[in-house]
Amino acid sequence: MTPRNPAARAVSSSPERDKARLRVLTVGGAMIDTIAIIESAAIERMSLLNAESSFLLLEEGRKTEALEVSTHCGGGAINAAVALARLGHDCSVVIKLGDDLRADQILARLDSESVSHRWASRDKELPTGASVLLSSHDRNAAVFTFRGANTHLVPRDFHDEAFAVDLVYIANLSNEAAVYFPTIVTKAKQAGALVAANPGPRQLHAHGDAFRAMLPHIGILALNRREALEVIPILDGRDCDNDTGLAFPHMVRPPPLAENGLHHHGRTISVRGFLRALTACGVGTAVITDGRDGAFAASAGRLFYCPASDAHVAGTAGAGDAFASTFSAYIAEGAAPDIAIRAATLNAASVLGHVDTQTGLMRRREIAHALDGKKPTPNVIDWPL
């Protein structure tokens, strides 16, 4: 186990990587997000004993005053494309939109970020997807989601020419569209692209077998803790067992994933055992995030831990997309995993400072400055995998 020296690794990585420009395709959801910020005193919060769930309660029949109501573009493919474009990459998207004003708003947003929507398609039956977020109590949001045209993404929308890129980033696929995850991965591999995937829990739960079959073809897999729980049933248990604990420096408090592991239907798997199992299945680099408790990554026989960066939390939506897309970009560029996980942590923390999913996304020079500068950034610890 060795604490990393952030400055030493970052100085050698950032000047050359500023010149790197990847061709990237993102595939997945496109949404219009309406965000209502409610003062904590106007909405009740209830947490259950002996459970991780909490609830926001509104009084029935009462008009609740909002501090602000705003509209933004979102969705996994859009958030990732904007993040990657701000890192200096040449991005395009495969998305399904309705024939409506929401779609026009999303296309205009992509134009403003220099993201190509050449491969975007329109659906005549369903409108563009939309979400309503209620943000209150430390800005933890309750989200109402209408997936709309996102569910109609089908093979005829996957043009061969679209996959002639360096990196294909597959965001969460909605409902029926998740059936075609293997099709997307196969097209990407046939085109010689590196595949990065950030699936959602419903996709993993409903299509676990198909996902398991594609693991050997996934170069970068990004999961949060909830998504990781859905992956456990499809892993070979032999690769998850008999793991020793992780030794942390005495001044570092071990995060919950290190102390408690992952629990699923009476089965407990250590975070190292879980990530080891994914790499044994053929995943090149795997990362699991746990919000304010940091992130673990596994690559090339090493396990890395990065604590969360200090952040003022205005909203939690989009932080996961920022982390996964930034991590994927840095790995695709050839950065060491400890640099990638630190860059992703910084970008996710920046997104947390805004209620929407994109305003806080950092540009390359901002991340490079944070990595190389004297301002403290999260220090990475690593162990043998």
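Residues numbered from 1 in each chain as written. Predicted model: local features only at pLDDT ≥ 70, side-chain atom pairs only at ≥ 80, totals over all residues. Heavy atoms only, no water.

Draft legend 1. Inspection of the overall build of the protein at higher detail. For the protein, the count of helices and strands is 12 helices and 20 strands. Whereas a compact globule of 385 residues would reach a radius of gyration of roughly 21 Å, the protein reaches 20 Å, a difference of no more than 12%. Across its three principal directions, the C-alpha atoms of the protein cover 55 × 50 × 45 Å. Taken over 385 residues, the protein has a buried fraction of 53%. (Helix = DSSP H or I, 4+ residues; strand = E, 2+ residues; numbered from the N terminus. Rg over C-alpha atoms; globule rule 2.2 N^0.38 Å. Buried < 20%, exposed > 50% of the residue type's maximum accessible area, 1.4 Å probe, protein only.)

Draft legend 2. Local environment of the pairing of strand 10 (residues 129-136). Of all eight residues making up strand 10, seven are buried, and the element is well covered by its neighbours. Judged from the seven bridges that link them, strand 3 (residues 31-38) and strand 10 form a sheet pairing that is parallel. Its bridge partner being in strand 10, Thr34 is matched across the sheet by Val132. (Pairing = 2+ DSSP bridges.)

Draft legend 3. Spatial organisation of the pattern of salt bridges. Under the counting rule described, the total for this entry stands at 12 salt bridges. Measuring nitrogen to oxygen at the nearest pair gives 3.0 Å for the salt bridge that ties Asp104 to Arg122. One end of the pair, Asp104, is in helix 3 (residues 101-112); the other, Arg122, is in strand 9 (residues 121-123), and 18 residues separate them in sequence. Taking relative accessible area as the criterion, Asp104 reaches 38% and is therefore assigned partly exposed. In this structure, Arg364 engages Glu333 in a salt bridge whose closest nitrogen and oxygen atoms are separated by 2.6 Å. (Salt bridge = Lys/Arg side-chain N within 4 Å of Asp/Glu carboxyl O.)

Draft legend 4. Structural view of the packing of helix 10 (residues 319-333) against helix 11 (residues 337-352). Between helix 10 and helix 11, the shortest axis-to-axis distance is 8 Å and the interhelical angle comes to 150°. Here helix 11 runs roughly antiparallel to helix 10, going by the angle between their axes. The element helix 10 and its partner helix 11 pack so that their crossing is right-handed. From helix 10, Ala319, Ala322, Phe323, Thr326, Phe327, Tyr330 and Ile331 reach across to helix 11, where they touch Pro337, Ile339, Ala340, Ile341, Ala343, Ala344, Thr345, Asn347, Ala348, Val351 and Leu352. The class makeup of the residues in the contact of helix 10 with helix 11 is 15 nonpolar, three polar and no charged. (Axes fitted to C-alpha atoms, helices over the stretch in contact; angles between N-to-C directions. Parallel < 35°, antiparallel > 145°, perpendicular 65-115°, else oblique. Left-handed = near helix turned anticlockwise from the far one by under 90°. Contact = heavy atoms within 4.5 Å. Nonpolar A, V, L, I, M, F, W, Y, C, P; charged D, E, K, R; others polar.)

Draft legend 5. How the structure looks around the environment of Thr34. Relative to the helices and strands, Thr34 is located in strand 3. Along the primary structure Thr34 and Thr71 are separated by 37 residues, whereas in three dimensions their C-alpha atoms are 4.4 Å apart. Apart from residues no more than four positions distant in its own chain, Thr34 is found in contact with Val69, Ser70, Thr71, Ser131, Val132 and Leu133.

Draft legend 6. Layout of the nonpolar core. Among the nonpolar cores identified, the biggest contains 59 residues, and Ile95, Ile106, Leu110, Phe323, Phe327, Tyr330 and Ile341 are the most heavily contacted of them. One finds Ile184, Ile218, Ile232 and Leu257 within the second-largest nonpolar core, a separate group that totals 54 residues. (Core = buried A, V, L, I, M, F, W, Y, C linked by side-chain atoms within 4.5 Å.)

Draft legend 7. Spatial organisation of helix 10. Look at helix 10: 21 Å from first C-alpha to last across 15 residues, which is about the 21 Å you get at 1.5 Å a residue. Most of helix 10 is tucked away, with 13 of its 15 residues classed as buried. Of the residues flanking the end of helix 10, it is Gly334, one or two places downstream, whose phi is positive at about 100°. (Expected span 1.5 Å × (residues − 1).)

Draft legend 8. Highlighting helix 11. For helix 11, built from 16 residues, the straight-helix expectation of 22 Å at 1.5 Å per residue is met to within 8% by its first-to-last C-alpha distance of 22 Å. In terms of residue burial, helix 11 counts as a mostly covered element, since 15 of its 16 residues are buried.

Draft legend 9. Representation of the packing of aromatic side chains. All told, the structure shown has six aromatic pairs when counted by the stated rule. Aromatic side chains Phe296 and Tyr305 sit 4.8 Å apart centroid to centroid with 40° between the ring planes, which places their arrangement in the tilted category. The residues Phe296 and Tyr305 share a single accessibility class, namely buried. One aromatic cluster is present, built from ring pairs that chain together Phe248, Phe296, Tyr305 and Trp383. Directly above the aromatic system of Tyr330 lies the positively charged group of Arg364, at a separation of 5.1 Å from the ring centroid. (Phe/Tyr/Trp six-rings, centres within 6.5 Å; stacked < 30°, edge-to-face > 60°. Lys NZ or Arg CZ within 6 Å of the ring centre and 35° of its normal.)

Draft legend 10. Local environment of unusual backbone geometry. Backbone geometry at Ser114 places phi at a positive 60°, although glycine is not the residue there. Mapped onto the fold, Ser114 is located in the loop between helix 3 and strand 9. Given a relative accessible area of 61%, Ser114 falls into the exposed group.

Draft legend 11. Spotlight on the confidence of the model for the protein. Per-residue confidence for the protein gives a mean pLDDT of 89, with 90% of residues at or over 70. Overall, residues 1-19 carries pLDDT values under 50, and its contacts beyond four positions in sequence, including any with other chains, amount to 41 contacts. (pLDDT = per-residue confidence, 0-100.)

Draft legend 12. Quick look at the environment of Ser53. Structurally, the position occupied by Ser53 is in the loop between strand 4 (44-47) and strand 5 (54-57). With residues up to four places along the chain from it excluded, the contact list for Ser53 reads Ser47 and Leu48.

Draft legend 13. Spotlight on the state of the cysteines. Following the criterion strictly, the structure yields zero disulfides and no others. In this model Cys73 remains outside any disulfide bridge; the closest cysteine sulfur is found in Cys91, 16 Å from its own. Judged by its relative accessible area of 7%, Cys73 falls in the buried class. On the basis of relative accessibility, which here comes to 1%, the residue Cys91 falls in the buried class. (Disulfide = S-S within 2.5 Å.)

Draft legend 14. A nonpolar patch on the surface, seen in detail. A grouping of Met46, Leu48, Phe55 and Leu57 is seen on the molecular surface, where their side chains present a nonpolar patch of about 330 Å² in accessible area. Checked against the element boundaries, Phe55 lands in strand 5. (Patch = residues over 30% accessible without salt bridge, like charges linked within 9 Å, V, L, I, M, F, W, Y side chains within 5 Å. Areas by Shrake-Rupley, 256 points an atom, 1.4 Å probe, with all protein chains shown as cover.)

Draft legend 15. Structural context of the packing of helix 10 against helix 12 (residues 364-372). Where helix 10 meets helix 12, the closest approach of the two axes is 14 Å, and the angle between their N-to-C directions is 80°. One way to sum up the angle between helix 10 and helix 12 is to call them roughly perpendicular. Only Arg364, Ile367 and Leu371 of helix 12 make contact with helix 10, whose side of the interface consists of Thr326, Tyr330 and Glu333. Across the contact of helix 10 with helix 12, the residue classes tally to three nonpolar, one polar and two charged.

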